[in-house]
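Residues per chain are reported as follows:
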Amino acid sequence: MPITTVHKDTETLQITIVADFTVPVQRLWDAYADARQIEKFWGPVTWPATFTRHDMAPGGFSHYYMTGPEGERSGGYWEFLAVDPGRSFEVLDGFTGPDGNPDRDMPAMRMVYEFTETDTGSRCTTTTYFNSADNLKRMLTMGMEEGMRSAMSQIDDVVADLASFSADLPVQAQILSDTQVRFSRIIRGTPQQVWDAHQDPELLKRWMLGPDGWSMTSCEVATEVGQTYRYAWAPDDGSSPGFALTGELLEAEEPHRAVQTEAMEGMEGPPTLNEQTLIPVTGGTLITLLITYDNAEMRDAILATGMTDGMETSYARLERAVLAAA
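Summarised in this report is the structure supplied together with it. As the structure is a prediction and not an experimental result, all values here were calculated from the model.

Conventions adopted
Residues numbered from 1 in each chain as written. Predicted model: local features only at pLDDT ≥ 70, side-chain atom pairs only at ≥ 80, totals over all residues. Heavy atoms only, no water. Helix = DSSP H or I, 4+ residues; strand = E, 2+ residues; numbered from the N terminus. Rg over C-alpha atoms; globule rule 2.2 N^0.38 Å. Buried < 20%, exposed > 50% of the residue type's maximum accessible area, 1.4 Å probe, protein only. Contact = heavy atoms within 4.5 Å. Pairing = 2+ DSSP bridges. Axes fitted to C-alpha atoms, helices over the stretch in contact; angles between N-to-C directions. Salt bridge = Lys/Arg side-chain N within 4 Å of Asp/Glu carboxyl O.

1. Brief notes about the overall build of the chain
Piece 1. Looking only at helices and strands, one finds 9 helices and 16 strands in the chain.
Piece 2. On C-alpha atoms alone, the chain measures out to a radius of gyration of 21 Å, which is about the 20 Å that the 2.2 N^0.38 rule sets for 326 residues.
Piece 3. Per-residue burial for the chain yields a buried fraction of 48% across its 326 residues.
Piece 4. Look at the contacts in the chain between residues 6 or more apart in sequence, and 48% of them connect residues 24 or more apart.

In C-alpha cells form, the structure reads like this:
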C-alpha cells in the first residue's frame, strides 16, 4: 500500500493524502498522464475505471466512468486548471450524470497533485479542497478515503509494468464499448512535432500512406474549426482506383487535441467521431485516437479492414521519414 498518511482538516476543508513509491518521478507521472495506465488504478478494486478522454493540458478534460460489480456505472470528470509537466497538476474534480454532463447535485472538488523525488523513489501528495463543510462530510460519508485507499493499492503493479506501455510497442487497439475503440502509441517526437506532421500537407504526403506501394493523391487539410478535409490514396501500380476520407474539424487545441468527423467517400452510413490527443511521456508523445462508431457492426467491419496495422505502418514511417530528420 503506497499511502503513508491521510490528513483530514475540517477547519481548512482539506484532505491531504501522501503516497510513496520506489520508482522515479517521471515513471509515476506517466502513470497519471496515460489513459491506459491511470484507468488501472483510478477506480477502487471493485469499481474499475474506463477513461474515454484524458488530455492532460491546461484547459483539457478527462472523462471517465467506473463500473460496479453488478454493471452499474458512476461517471466523473476532471477539468485541468494547471499542468506543470513532471511536477504537478491541478484539476476540478466532479461527478457526471447518465448523460455524461456534470452532475450539479453532487459535490465538485479542487485537487492538486504534486510529484517530488525522495531518497527511495518518488512521492505523490494529493490535496483536495472542498467548498463547504457539508461537501467534505458528504464525501467522507460516501467513502472517499476508503475508495482512495482501494484505488491506490493497485498503482504499484501499474508503475512496475514497463513492458505494457513501452515506447517500442506498435499501435494498441482497445475496444472500450460497442461503439468506441481507443488506439494508442508512443511516437518519438514532441507533441508540437507530431501536431505539425498532421497539419502540413507536404509532411502528410510523406508518412500517412498506409501499406507500402500506395501514395496520397489528394491532401486537403482542415486547419481551422468548421473547415473540411479530404485525403485520397491510390496504389502506385494502378491496380485499383483507391479511396478517399472526408470530414469536418470540430475542435482544435494546438498541440494537444483535435476532434473531427470521418467518412469514406461514396459509402453510405454515418461518419465516425475521431478524438485525438497528444501528451508528452517518457520516450516521446503518447498519441491517443478514440473513435466512436454508430454501432458495433460498423466498428467490427472497419477494424476488420486491417486499419490497426495500417496505422502502425504510417506511424512508423512518421518516425522514420519525418521526425528522425527533424
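Moving on from the coordinates now.
2. Remarks on the sheet that holds strand β14 (residues 257-264)
Piece 1. If you trace the 8 strands from one edge of the open sheet to the other, you get β9-β10-β16-β15-β14-β13-β12-β11, paired in antiparallel fashion. Every other strand in the sheet has two partners, leaving β9 (172-175) and β11 (214-220) as the edge strands with one partner each. Going from strand to strand, the sheet's axes swing by 25° on average, the running direction of each strand aside.
Piece 2. Two elements, β11 and strand β12 (residues 228-235), share 6 bridges in a ladder whose sense is antiparallel. Across the sheet, the residue bridging to S215 is A234, located in β12.

3. Quick look at the pattern of salt bridges
Two side chains that carry opposite charge are able to pair once their charged atoms sit near each other.
Piece 1. Tallied over the entire structure, the rule returns 18 salt bridges.
Piece 2. As a salt-bridge pair, R185 and E319 come within 3.2 Å of each other at their nearest N and O atoms. You can see R185 sitting in strand β10 (residues 180-187) and its partner E319 sitting in helix α9 (residues 307-323), a full 134 residues away along the chain. Take R185 and E319: they sit in the same class, and that class is buried.
Piece 3. The closest approach of N and O atoms between R299 and D300, which form a salt bridge, is 2.8 Å.
Piece 4. Residue R299 is classed as buried on the basis of its relative accessible area, which comes to 9%.
Piece 5. On the basis of relative accessibility, which here comes to 38%, the residue D300 falls in the partly exposed class.

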